[in-house]
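One-letter residues, chain by chain:
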Amino acid sequence: MAESDATTVVRNHSMDLYRVVALLFVVVGHWMAASLTFSDGAFWRDNPLVEMPWTQWLTWIFQVVPVFFVVAGYASAVSWANRSAEGGDRSGGRQEWLRRRLVRPIGPTAVYVVFALLVVAVLSGVGVAGSELDFGAWAVAMHLWFLGVYVLVVLLTPVAVAAHRRWGLRVPVAMAVGTAALDALTIGAHVPYIGWLNFLLVWGLFYQLGIAWHDGMLRGRIALALSACSAIALVLLVTVGPYPVSMIGVPGATVDNTGPPNLALLALGVFQAGLALAAAPVVNGLLKSARAQRILVIANDNVMALYLWHMVPVVIVALAGYPTGLLPQPTLGTAAWWWFRLEWVAILAVMAAVELVLLWWGRRLFSAPLPTVAVPIPPRLGEVALFFGTLAAAVTLTVLASLGFAPHGHFPVAASIGFAVGVTLVALTPSLSGRRRSPA
């Protein structure tokens, strides 16, 4: 998810590396967890986290989305500072900045969603069984929650930057306290629904740390101290506290550390972020060569496409390999199963490489920002449309991630309409004719 305008006089190349590595770990983690079998004419999913509980500790390695949000906050802070330096602090300038930042992820995401919905419509029309359609359509949608949260925190960047300028590190501290309070209500008092506010508090806190990183507040010993304290807190939370070890949802678990995110995930993320920020000077020193920087540019230009489309190879390989007997089905947890996990990831990596070549060939469609449409409306109305459009897109992406593109084997009419409305509102930009002329 490259941010081409996030540049400074001295480029922070560690930010680029952390972005790519974080999403690559998430992709490989999804592939590793996609343990499928085929019998009696149907696909079944084995869950290693349930059958082999010790593997839940491995989620501490692959759950690195917090690092991405820290990097996203840093990149947005850099871009926002450049905008302010160019005199863009007026309301119209703020709206232009937000729309420019939002159309980049929403454009490729919209293409992916439309493609998936068209496939679901076709498969449903030719009579594919509802249960198989439901599972496959969920597998290629479950990762979209991330983009829903991402566009929301980007939308709130002006508020986040203003809060940081006024209160500094007291902002993430207050957000952590808010997270703890919501956990007490949801886990302790069993108050329903209110815990979902932690999606903004926890992921927004990581974004806020990125803004503080840009301001020079989280470096060196401070970052290491923050990491050490978070590591101690994390161990206490999952041993003495009520939080499970797994940093992704496990069927049957009383508490889910990600749905919604809670103090345990917050502690893991701050631990990771502290190490990453402390290591940034060393990492930048290792990335001085022009060759390393060219590789980073290429990787950042393609990582968004990889994240969006990385579950499609899972469906293709499973459909081609399991019913035909081309892929083995070793017993879960055996040595043969673990060896095949490595082969499985290698096969998917090759498929993903081919997929990325095709996506690059069609980059004018698959990687293009969302086109904007100039309409004669006042700038304030354009800002309202941008806000509610982003909110609608975020909510419907979350719904699709939770239920899939074919919930119970049916086309998601309401979610599709909501997403289309949200994307349309984001695309509307006030034309010059809709703006007031400033006095001479």
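Residues numbered from 1 in each chain as written. Predicted model: local features only at pLDDT ≥ 70, side-chain atom pairs only at ≥ 80, totals over all residues. Heavy atoms only, no water.

### Here's the deal with helix 12 (residues 263–286)
Item 1. Its 24 residues place the ends of helix 12 34 Å apart at the C-alpha level, agreeing with the 34 Å of an ideal helix rising 1.5 Å per residue.
Item 2. One side-chain oxygen of the residue at the start of helix 12 lies 3.1 Å from the amide nitrogen of Ala264, identifying that residue as Asn262. (Helix = DSSP H or I, 4+ residues; strand = E, 2+ residues; numbered from the N terminus. Expected span 1.5 Å × (residues − 1). Polar contact = N/O pair within 3.5 Å; in protein donor to acceptor, adjacent residues only side chain to side chain.)

### Re the side chain of Gln208
Item 1. Along the chain, the position of Gln208 falls in helix 10 (residues 198–214).
Item 2. The class for Gln208 is buried, based on a relative accessible area of 4%.
Item 3. Leaving out residues up to four positions away in the same chain, Gln208 has contacts with Ala160, His164, Val171, Pro172 and Met175. (Buried < 20%, exposed > 50% of the residue type's maximum accessible area, 1.4 Å probe, protein only. Contact = heavy atoms within 4.5 Å.)

### Let's talk about the nonpolar core
Item 1. Grouped together as the largest cluster of nonpolar side chains are 124 residues, with contacts concentrated most on Phe69, Leu144, Phe206, Trp213, Trp344 and Phe405.
Item 2. Ranked by the residues each element gives to this core, the list is headed by helix 12, at 13 residues. (Core = buried A, V, L, I, M, F, W, Y, C linked by side-chain atoms within 4.5 Å.)

### Focus on the pairing of strand 2 (residues 42–46)
Item 1. As paired elements, strand 1 (residues 35–39) and strand 2 share 5 bridges and run antiparallel to each other. Paired with Ser39 across the bridge in strand 2 is Ala42. (Pairing = 2+ DSSP bridges.)

### A look at unusual backbone geometry
Item 1. Here the residue pair Gly259 and Pro260 is connected by a cis peptide bond, since its omega of 5° sits within 30 degrees of zero.
Item 2. With respect to the secondary-structure elements, Pro260 resides in the loop between helix 11 (220–239) and helix 12.
Item 3. Phi at His190 takes a positive value of approximately 60°, unusual for a residue other than glycine.
Item 4. Accessibility expressed as a relative area gives 62% for His190, which makes it exposed.
Item 5. Phi is positive for Tyr193, which is not a glycine, with a value near 70°.
Item 6. Along the polypeptide, Tyr193 turns up in the loop between helix 9 (170–188) and helix 10.

All we've got here are geometric facts, nothing functional implied.
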